[in-house]
Amino acid sequence: MPNPQRYDYQTLLGFIQQLFEKAGADSEVARTVTRVLLEGDLLGHHTHGVNLVSRYIAGVMAGDAQADGSKFEQLSASSVSGLFDGHYVLGPYCVSKALDFAVQAATAHGLGMAVVRRSSHIGCLAAYLKPITDQGLVAIIYSSDPSVASVSAHGGIDPIYTPNPIAAGIPTDGEPILLDVSMSTITLGLIGQCRQAGKKLPHPVLMSNSGQLTDDPEAFSTNPPGSILPLGGQAFGHKGFALGILVEALTSALAGHGRKDAPQQWGASVTVMAIDPEFFGGLESFTAETSFLSGLILESRAVDPQRPVRLPGQAGLKLREARLRDGLELPQAVLAELNRTAESLQLAPLAH
């Protein structure tokens, strides 16, 4: 298998932004979406990074997603809260605009919260966090999709809701703590990867449509479909199930648009929060505490000495630093898809 090719970050930024603009995106949408997708790849989340560029552009060209930022609509607002309708504008733009609102509110009042309904696909949640923690703020993101059901209730068989991830960025005196965790045992991406490779899943975390626990990815795509177990699996899934319900309430329920509306088009419900520690115990005290806790974690004895304990996001941040310095790898399949998209838009391919 050929080695992935490496590309300078700025080269990729310019090339991908040009693709989006040629597909009809205004410059702000193109710039924002490109930055978020590249950030996902920098952090190592390849399924939710540059790999999505061609899919996003195909959605725009088919009319399933919008690339005009003016369609992003504010429905209501107070000094600390806002509700927005994305009208299926590309998700990284919707989430970034919502975070802008939340950050502005947090810096003025200590807390900001924004809810978005009918956003298009939002990419990697972790990709939004570092720009917020760099400002000394805590960032929290919740996401669900009311048009899709893939995760079962604890003790149930039928798929009810989506993996419903929670992401958070926590400032410290050094690198931030970045977490991005789904409320399901596995992601849809892993099921797809194993199915395509003809492999079993690492653990039996799927429920077949007849109520049998299985590690066969094919059991998810039957008619009627199988389901993913909630985070915690069969033994402790009541915990992930409860958190999944919380995410549903904090996203679609607050947005006023969810499963009760039976949406037919893929669209995320997203809630973002920003918190300014200065309005509470103070940023210095906050980061002293988070840094002290980080030290306790990193210094704790590892079960396997060859695999020391690490903080959430630590590995991704190291990858990010290396890729900004040495270039970002693009697998041949992703590069080929980008260049096919460029050709369809009558643009030159990505030069090495």
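Residues numbered from 1 in each chain as written. Predicted model: local features only at pLDDT ≥ 70, side-chain atom pairs only at ≥ 80, totals over all residues. Heavy atoms only, no water.

J.: I would appreciate a short explanation of the pairing of strand E13 (residues 268-275) in the present structure.
T.: Burial analysis of E13 places 7 of its 8 residues in the buried class, the great majority of the element. With 7 bridges joining them, strand E4 (residues 111-119) and E13 adopt antiparallel strand pairing. Counterpart to methionine 113 in the pairing with E13 is methionine 273. Sheet analysis places strand E5 (residues 138-144) next to E13, joined by 7 bridges and oriented antiparallel. If you follow tyrosine 142 over to E13, its bridge partner there is threonine 271. (Buried < 20%, exposed > 50% of the residue type's maximum accessible area, 1.4 Å probe, protein only. Helix = DSSP H or I, 4+ residues; strand = E, 2+ residues; numbered from the N terminus. Pairing = 2+ DSSP bridges.)

J.: Can you walk me through the pattern of salt bridges in this structure?
T.: Side chains bearing opposite charge may pair, as long as their charged atoms lie close to each other. All told, the structure shown has 13 salt bridges when counted by the stated rule. Linking aspartate 134 and lysine 130 is a salt bridge whose minimum nitrogen-to-oxygen distance equals 3.2 Å. The exposure class assigned to aspartate 134 is exposed, which follows from its relative accessible area of 53%. Residue classification places lysine 130 among the buried positions, given a relative accessible area of 14%. (Salt bridge = Lys/Arg side-chain N within 4 Å of Asp/Glu carboxyl O.)

J.: Would you take a moment to explain a nonpolar patch on the surface for this structure?
T.: A surface patch of nonpolar side chains, amounting to about 310 Å² of accessible area, comprises Phe292, Leu293 and Leu296. By the element assignment, leucine 296 lies in helix H8 (residues 283-299). The exposure class assigned to leucine 296 is partly exposed, which follows from its relative accessible area of 47%. (Patch = residues over 30% accessible without salt bridge, like charges linked within 9 Å, V, L, I, M, F, W, Y side chains within 5 Å. Areas by Shrake-Rupley, 256 points an atom, 1.4 Å probe, with all protein chains shown as cover.)

J.: I keep staring at the sheet that holds strand E3 (residues 81-85) and nothing clicks. Help me out?
T.: Adjacent strands of a sheet form backbone hydrogen bonds with each other and so pair up, either parallel or antiparallel. Ordered by their spatial adjacency, 7 strands build an open sheet running E2-E3-E4-E13-E5-E8-E9, and the pairing between neighbours is mixed. Of all strands in the sheet, those with a lone pairing partner are strand E2 (73-77) and strand E9 (177-181), marking the two edges. Along the sheet, successive strands turn relative to each other by an average axial angle of 15°, direction set aside. Relative to strand E8 (residues 166-170), E5 runs antiparallel, the two being bridged by 4 bridges. By the bridge assignment for E8, tyrosine 142 is matched with isoleucine 166. Each of E2, E3, E4, E5 and E13 is contacted by helix H4 (residues 91-109), which is oriented at about 160° to E4, the strand it contacts most. (Axes fitted to C-alpha atoms, helices over the stretch in contact; angles between N-to-C directions. Contact = heavy atoms within 4.5 Å.)

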